[in-house]
Amino acid sequence: MQSQDLSNYRKSYEKHELLEDNCPEEPIELFRDWFLVADESETVDEANAMTISTIGLDGFPKNRVVLLKKYTYEGFVFYTNYNSEKGKAIAENNNVCLSFFWAGLERQIIIKGKVEKIAENLSDGYFESRPDGSKIGAWASNQSEVVSSRKELDNRLKQLEKEFENKEILRPKHWGGFMVKPISFEFWQGRPNRMHDRIRYTLNEDFSWKMDRLAP
Ligand SMILES: Cc1cc2nc3c(=O)[nH]c(=O)nc-3n(C[C@H](O)[C@H](O)[C@H](O)COP(=O)(O)O)c2cc1C
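Q: Explain the overall build of the protein to me, and be specific about the residues and the numbers.
A: Across its full length, the protein holds five helices and nine strands. Each helix (α) and strand (β) of the protein, taken in turn from the N terminus, gives the series α-β-β-β-β-α-β-β-α-α-α-β-β-β. In terms of overall dimensions, the protein has C-alpha extents of about 60 × 55 × 35 Å along its principal axes. Every one of the 216 residues in the protein was classed for burial, and the buried ones make up 38%. Of all intrachain contacts in the protein linking residues separated by at least 6 positions in sequence, the fraction that spans at least 24 positions is 64%.

Structural data, given as structure tokens:
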């Protein structure tokens, strides 16, 4: 394949600005404002899709997308398989980074934090709310393990569908929620001439937030 030159891909960001006057003391409130705009925007599909990066057991960072299921002043919750590659990485090192990129709004948010498993009863509650197909899927997939073929997966699903027929499907212990408790937030708003707005909040020891503008 010939080299593919993308050097002419260039866009001027002109839709919004982010000024200190519009930044609340609590960054989660700015997150909420931006999230609500993204959620309403026709330019954004799955506003709650976020990238989470972990430091893997092999020493490399790895990013992948998961769905944000809840956010509060305390943190950001997503659900996954605790035995997956990310689950194992987190067990070893719980420093993670979340990011959202809403291209249509020319906005990015980057959140660093410490991640912890949520209480079992909260995972039970969320699992219970899922459709049966997703519940069985959680049992059927040893997330991140090598499988021999698509057929193996399909057969495993069929077998479990039979086993669970007319039975209550309880949460597998290896599946549940994690909460990312933020230590910093960075809000990026694209601006013309690459002079973007970047506002970073850093958590102080007394749990207040320090706000800084960063050079683009
Ligand atoms: C839009 C989207 C949403 C996803 N949501 C989740 C999710 O909520 N939980 C999850 O475990 N994986 C989710 N995935 C799959 C992950 O990106 C990833 O493939 C999986 O978690 C295994 O990652 P790991 O092997 O690094 O642990 C999603 C993928 C996409 C593209």
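Q: Run through the pattern of salt bridges, naming residues and quoting values.
A: Under the criterion given, the structure shown has 19 salt bridges. For Lys 62, the salt bridge is made with Glu 85, and the minimal N-O distance between the two is 3.0 Å. Remark: Glu 85 occurs in helix 2 (residues 85-92) and Lys 62 occurs in strand 2 (residues 61-67); sequence separation between them is 23 residues. Owing to a relative accessible area of 34%, Lys 62 belongs among the partly exposed residues under this scheme. Among the salt bridges present, the one from Arg 191 reaches Asp 197, with a minimum N-O distance of 2.8 Å. Note on Asp 197: relative accessible area 5%, which makes it buried.

Q: Explain the packing of aromatic side chains to me, using residue names and the numbers behind them.
A: Counted according to the given criterion, the structure contains 21 aromatic pairs. Between Phe 31 and Phe 76, the ring centres sit 4.9 Å apart and the planes meet at 85°, which makes this aromatic pair edge-to-face. In this pair, Phe 31 sits in helix 1 (residues 27-40) while Phe 76 sits in strand 4 (residues 76-81), placing the two residues 45 residues apart along the sequence. We note that Phe 31, like Phe 76, is buried. Summarising the aromatic geometry, the rings of Tyr 126 and Trp 175 are spaced 6.1 Å apart at their centres and angled 10° between planes, so their arrangement reads as stacked. Here Tyr 126, found in helix 3 (residues 120-129), pairs with Trp 175, found in strand 7 (residues 175-189); they are 49 residues apart in sequence, far enough to count as distant. A connected cluster of aromatic rings, assembled from ring pairs, spans Phe 31, Trp 34, Phe 35, Tyr 71, Phe 76, Phe 100, Trp 102, Phe 185, Phe 187, Tyr 201 and Trp 209.

Q: Could you give me a rundown of the nonpolar core, with the residues and numbers involved?
A: Formed by 33 residues in total, the largest nonpolar core has its most connected members in Phe 31, Phe 76, Phe 78, Trp 102, Phe 185 and Phe 187. Elements with a minimum of two residues in this core: helix 1, strand 1 (49-55), strand 4, strand 5 (95-102), strand 6 (107-117), strand 7 and strand 8 (197-203). For this core, the element with the most residues is helix 1, which contributes six residues. In terms of nonpolar packing, the next biggest core, distinct from the first, is built from twelve residues, Val 77, Ile 136, Leu 160 and Ile 169 among them.

Calculation rules
- Residues numbered from 1 in each chain as written.
- Predicted model: local features only at pLDDT ≥ 70, side-chain atom pairs only at ≥ 80, totals over all residues.
- Heavy atoms only, no water.
- Helix = DSSP H or I, 4+ residues; strand = E, 2+ residues; numbered from the N terminus.
- Buried < 20%, exposed > 50% of the residue type's maximum accessible area, 1.4 Å probe, protein only.
- Contact = heavy atoms within 4.5 Å.
- Salt bridge = Lys/Arg side-chain N within 4 Å of Asp/Glu carboxyl O.
- Phe/Tyr/Trp six-rings, centres within 6.5 Å; stacked < 30°, edge-to-face > 60°.
- Core = buried A, V, L, I, M, F, W, Y, C linked by side-chain atoms within 4.5 Å.

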